[in-house]
Amino acid sequence: MLHLLGVNLPDRKLVSTALQYFYGIGPTSSSKICDQLSIHKQCKLAELSEAQINSLSNVLANMNIETDLKREVRDHVMHHRSINTYAGRRHAMSLPVRGQRTRNNAKTAKKLNGRWVQRRMFSSLSTESFPSVQSPLERFFNTKFF
């Protein structure tokens, strides 16, 4: 196992496949990195020389991956929510953001977009943020008629 920039990479995998263990690097990005460093497609991670590993770590250090990319995505979502755009409101309500149907298939979006609401405690319907909001039934029982 090669430990590179906080991620354990398996030695027996191809380099292009092992690079996909990083958050933010997919098949296209990994093949471009291999082409840039002139690593052939069938090369395994254990076959890389020390100089190639150093150049690989330098290339990856200059990219926006792992926690930096996660922070950037979170900041974009929070920016949309703060300026109250349509996408931000959809994120806040745990609904699909990019125009998908909601009549039947919104389970995945409710799971993924709901993370931002529940984990960050930005519930738009929480009673702590609106202490004076009462349900109609509570208002009826609190009203004095005599």
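Reading guide: rules and limits
Residues numbered from 1 in each chain as written. Predicted model: local features only at pLDDT ≥ 70, side-chain atom pairs only at ≥ 80, totals over all residues. Heavy atoms only, no water. Helix = DSSP H or I, 4+ residues; strand = E, 2+ residues; numbered from the N terminus. Expected span 1.5 Å × (residues − 1). Buried < 20%, exposed > 50% of the residue type's maximum accessible area, 1.4 Å probe, protein only. Arc of directions from axis to C-beta. Contact = heavy atoms within 4.5 Å. Salt bridge = Lys/Arg side-chain N within 4 Å of Asp/Glu carboxyl O. Phe/Tyr/Trp six-rings, centres within 6.5 Å; stacked < 30°, edge-to-face > 60°. Lys NZ or Arg CZ within 6 Å of the ring centre and 35° of its normal. Core = buried A, V, L, I, M, F, W, Y, C linked by side-chain atoms within 4.5 Å.

**Student:** Tell me about helix H3 (residues 50-61), residues and numbers included.
**Tutor:** Spanning twelve residues, H3 covers 16 Å between terminal C-alpha atoms, matching the ideal 16 Å at 1.5 Å per step. Turning to H3, its buried residues number three or more, namely Ile53, Leu56, Ser57, Val59 and Leu60. Across the axial projection of H3, the buried residues extend over an arc of 160 degrees, all falling on one side. Counted as exposed and oriented over 90 degrees from the buried face of H3: Glu50, Ala51 and Ala61. The secondary structure elements touched by the buried residues of H3 are strand S1 (2-4) and helix H2 (27-36).

**Student:** Lay out the pattern of salt bridges with the relevant residues and their values.
**Tutor:** One pass over the structure, following the stated rule, counts one salt bridge. Here aspartate 68 ties to arginine 71 by a salt bridge, and the two come within 3.3 Å at their closest N and O atoms. Taken together, the residues span about one helical turn, with aspartate 68 and arginine 71 both in helix H4 (residues 67-82) at a distance of three residues. When its relative accessible area of 37% is taken as the criterion, aspartate 68 is described as partly exposed.

**Student:** Hey, could you go over the packing of aromatic side chains for me, with residue numbers and the actual values?
**Tutor:** Under the defined criterion, the tally for this structure stands at zero aromatic pairs. Above the plane of the ring of tyrosine 23 lies lysine 70, whose end atom (NZ or CZ) is 5.0 Å from the centre.

**Student:** Tell me about the nonpolar core, and please be specific about residues and values.
**Tutor:** Among the nonpolar cores identified, the biggest contains 21 residues, and Val15, Leu19, Phe22, Ile33, Leu48, Leu56 and Leu60 are the most heavily contacted of them. It is H3 that contributes the most residues to this core, four residues altogether.

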